[in-house]
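# Results of the structural survey
This is what each chain is made of:
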Amino acid sequence: NYTYRYTLSLHDALPIYNESDSSLEEARTLIERLQKKGWHFIFLGAKQNAKEIAEALSIDPLLAEEYDVTADGLLANFEGAHNAVKSIRLYGKVDPGWAKPIVDNRKLLTDGKSDDGGKRLMLGGKK
């Protein structure tokens, strides 16, 4: 019987990242300690360089993705997170294709083909 530990956090990490070097170090230390205990982390960031922030937090940049703050983008975000958790449960690691819905959604927005017309969602009072 395997027990996998994972967390999904949908909040803006920039205050942690920008607050101070000590806050960043505390977050990184906590993540590293939990990784040694078998925790898996993915980092999903809206309107930020998710890969850079993930790396600063000792999370593999391949397990980080930036998503667009639209209805379709949020749905893609949850689909990607579902893929990551499912692959951890089935195989004990995150499948490299976990973020395909997020990446595909960004491509649709870039091509102007998003179903929600690119309507922005309000997260944290910011547009």
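Whatever comes next refers back to the structure up there.
What this report covers is the structure whose coordinates are included nearby. All values derive from a computational prediction rather than experimental measurement.

### Re the packing of aromatic side chains
In this structure the tally under the stated criterion is one aromatic pair. Ring centres of tryptophan 39 and phenylalanine 41 lie 6.3 Å apart, and the angle between their planes is 25 degrees; on these two criteria the pair is classed as stacked. Overall, the relative accessible area of 24% leaves tryptophan 39 in the partly exposed class. Judged by its relative accessible area of 11%, phenylalanine 41 is buried.

### Considering the environment of serine 58
For serine 58, the location among the structural elements is in the loop between helix H3 (50–56) and strand E4 (64–67). A relative accessible area of 22% means that serine 58 is categorised as partly exposed. Taking the C-alpha atoms as reference points, serine 58 and leucine 30, 28 residues apart in sequence, are found 9.8 Å from one another. In contact with serine 58, other than residues within four places in its own chain, are Arg28, Ile31, Glu32 and Gln35.

### What about the pattern of salt bridges?
Across all of its chains, the model carries four salt bridges by this definition. Of the charged contacts, one joins arginine 106 and glutamate 65 as a salt bridge, the two residues approaching to 2.9 Å between their closest N and O atoms. Here arginine 106, found in helix H5 (residues 100–111), pairs with glutamate 65, found in strand E4; they are 41 residues apart in sequence, far enough to count as distant. Taking the relative accessible area as the measure of exposure, arginine 106 reaches 28% and is therefore partly exposed. Between lysine 100 and aspartate 104 there is a salt bridge, with the nearest N and O atoms lying 2.6 Å from each other. With lysine 100 and aspartate 104 both in helix H5 and four residues apart, the pair spans about one turn of that helix.

### Description of the environment of leucine 62
Its place among the elements puts leucine 62 in the loop between H3 and E4. Taking the C-alpha atoms as reference points, leucine 62 and valine 94, 32 residues apart in sequence, are found 9.7 Å from one another.

Parameters and conventions
- Residues numbered from 1 in each chain as written.
- Predicted model: local features only at pLDDT ≥ 70, side-chain atom pairs only at ≥ 80, totals over all residues.
- Heavy atoms only, no water.
- Phe/Tyr/Trp six-rings, centres within 6.5 Å; stacked < 30°, edge-to-face > 60°.
- Buried < 20%, exposed > 50% of the residue type's maximum accessible area, 1.4 Å probe, protein only.
- Helix = DSSP H or I, 4+ residues; strand = E, 2+ residues; numbered from the N terminus.
- Contact = heavy atoms within 4.5 Å.
- Salt bridge = Lys/Arg side-chain N within 4 Å of Asp/Glu carboxyl O.

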